[in-house]
Amino acid sequence: MDDFEKKDFNTNNTNEGHPDYYQTGSNGTYYTPPQTEENTTYHYSYNNSSQQSGRDNGYYQQNNDYNYHGGNGAPKPPKKSNAAKVILIVLVICLAVAVAGIVFSAGLAGKSPEKDEKETTTQSQNADDAAKTHDSQEVPLKDNEDNYTVAGVADKAIESCVGITVYSQHTDAYNYFYNYGQSGGSSNEPIKSGEGSGVLMSEQNGKTYILTCAHVISDGDSFTITLNDGTNVDAAMVGFDSQTDIGVLSINKTGLKIAEFANSDKLVVGEQVVAIGCPGGLEFMNSVTSGYISALARPISSNIGYDNECIQTDAAINPGNSGGALFNMQGQVIGINSSKIASTEYEGMGFSVPSSTAVETANSLIRVGYVEGRAKLGIQYNQITNFNNSNAIIQVLAEKGFKDAEGAMVIDSVEEASDLKNKDIKQYDMIVAVNDKTMTSTDVMTSILADSKPGDTIKLTIARIENSDIKIFEIECKLIESKG
């Protein structure tokens, strides 16, 4: 749909004597959700216990008994008795104990109760100053004007929002959720080809219908719906419309919370909105972002050339949000998030299919399997630029008055129901103008068809290569109803 939504396709139609088609294609780039590396920090506790070894060095006193001899051989003095020493030591110890008791008693008597209370109060104040958690105020779900807050919208609507897992059996399949998905080779077993978002739209005949984007489900073979509580339910394809980028799935489960839808024709620029979806896939299912309506009726080209008038918003929309709901502040769906401008030069430019368009398209897909009242020519065609010699042909067309006819449609086949079936139309005839407007791109045709109804008549200018020359003529074509 944008430069970040590219569908790979190979066209190699050849026919001897006619221009060869280019084999076209683009390499899809895959969005890989960022991988978080788990860094583990190890905390080492070092116990540095120093043990001192060796013996304690005390003082050793050597008591020597000296024998005194008189110079004349007088007898040595008699030993002194130890009894007096023992008595003296006992008296000293008793005195010391008595003094200590007196001092301790004096200390107790001198310590005031006020000092005790002051110390206790200081300890209590230190405890009060420590960091604590407090009960936060209850978050309001509505404001003073009875509108929901962002939290209120999420509370009301998130049960209506779902995740979508797409499985495919296609070779080298991938999905187009802004190129978010994974590639895979050939397999008989379905492989997971991508994830997107959806919203519970309605409940009918024992089924619940899920509204999403066409580009989310168009290439899938089987699907799983993940409800907000984590329950997985198998889903079936109902239909999709690439022109509006709207698709519908169904599940055999009822009693779920169905979303409420608003009339998107009543929206106002500057109105606050809330987006709920799965950015990055189901790993971040039902993430809530908020923003404002930046513009209305923005012409955004679909992946098949039609311009859709979309809601522009700055609410964050990321890969995987495709198919998710955009809500107003009454908790009503006003759009289906479809695309964004993905560029380093742009920020906050997302686009949503208006709810009125989405609901009308989805209801028609549920009712009859296609979008009723849509006009078409009834042909299969290829664009002129797919031819090997397209530059030469476009130059000749310019010389004949059709400048820059890069959007010329080369007819490959005509349907039985088409009004062109019984007219002078051949394979490889080129539609170079419609209602006198040169086909500078295929958008010229698609925009005219979008403004027309089945039964309307349009004028086609045809160019045919004959005898190395290009013949120009006009025919009228009555449009038929497109049923898929």
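Residues numbered from 1 in each chain as written. Predicted model: local features only at pLDDT ≥ 70, side-chain atom pairs only at ≥ 80, totals over all residues. Heavy atoms only, no water.

**Things to note about the sheet that holds strand β10 (residues 325-327)**
Phase 1: Here six strands make up a closed barrel; going around it, the order is β7-β8-β9-β12-β11-β10 and the pairing antiparallel. Each adjacent strand pair in this sheet contributes to an overall mean axis angle of 50°, direction not counted.
Phase 2: Pairing of strand β9 (residues 307-313) with strand β12 (residues 350-354) involves three bridges; the strand directions are antiparallel. Counted as the bridge partner of Thr313 is Gly350 from β12.
Phase 3: Sheet strands touched by helix α3 (residues 150-157): β7 (272-277), β8 (287-301) and β10. Its angle to β7, the strand with the most contacts, is close to 40°.
Phase 4: In the packing of helix α5 (residues 355-368) onto the sheet, contacts are made with β11 (333-340) and β12, and the angle to β12 comes to roughly 50°. (Pairing = 2+ DSSP bridges. Helix = DSSP H or I, 4+ residues; strand = E, 2+ residues; numbered from the N terminus. Axes fitted to C-alpha atoms, helices over the stretch in contact; angles between N-to-C directions. Contact = heavy atoms within 4.5 Å.)

**Digging into the nonpolar core**
Phase 1: Ranked by size, the top nonpolar core spans 39 residues in total, and within it Ile210, Leu211, Ile225, Leu249, Phe327 and Ile336 carry the most contacts.
Phase 2: Not counting the four nearest positions on each side in its chain, Ile336 is found in contact with Val199, Leu211, Thr212, Cys213, Ile246, Gly323, Gly324, Phe351, Ser352, Val353 and Ala358.
Phase 3: In this structure, Ile411, Ile431, Val434 and Ile462 belong to the second largest nonpolar core, which totals 21 residues. (Core = buried A, V, L, I, M, F, W, Y, C linked by side-chain atoms within 4.5 Å. Buried < 20%, exposed > 50% of the residue type's maximum accessible area, 1.4 Å probe, protein only.)

**Comments concerning the side chain of Ser250**
Phase 1: Summarising the element assignment, Ser250 is placed in strand β6 (residues 246-251).
Phase 2: Excluding residues that lie within four positions of it along the chain, Ser250 makes contacts with Lys207, Thr208, Tyr209, Ile210, Asp234, Ala235, Ala236 and Val238.

**A look at helix α7 (residues 443-450)**
Phase 1: What α7 keeps buried is the set Val444, Met445, Thr446, Ile448 and Leu449.
Phase 2: Where α7 is buried, its residues meet β13 (375-376), β15 (409-414), β16 (430-434), β17 (437-438) and β18 (457-466).

**Topic: the pattern of salt bridges**
Close approach of charged atoms allows side chains of opposite charge to pair.
Phase 1: Under the counting rule described, the total for this entry stands at 13 salt bridges.
Phase 2: Among the salt bridges present, the one from Arg374 reaches Asp241, with a minimum N-O distance of 2.4 Å. Residue Arg374 is located in the loop between α5 and β13, and its partner Asp241 is located in strand β5 (residues 232-241); the two are separated by 133 residues in the primary sequence.
Phase 3: Owing to a relative accessible area of 13%, Arg374 belongs among the buried residues under this scheme.
Phase 4: Here Asp241 falls in the buried class, since its relative accessible area comes to 9%.
Phase 5: Among the ionic pairs, Asp419 bridges to Lys423, the shortest N-O distance being 3.3 Å. (Salt bridge = Lys/Arg side-chain N within 4 Å of Asp/Glu carboxyl O.)

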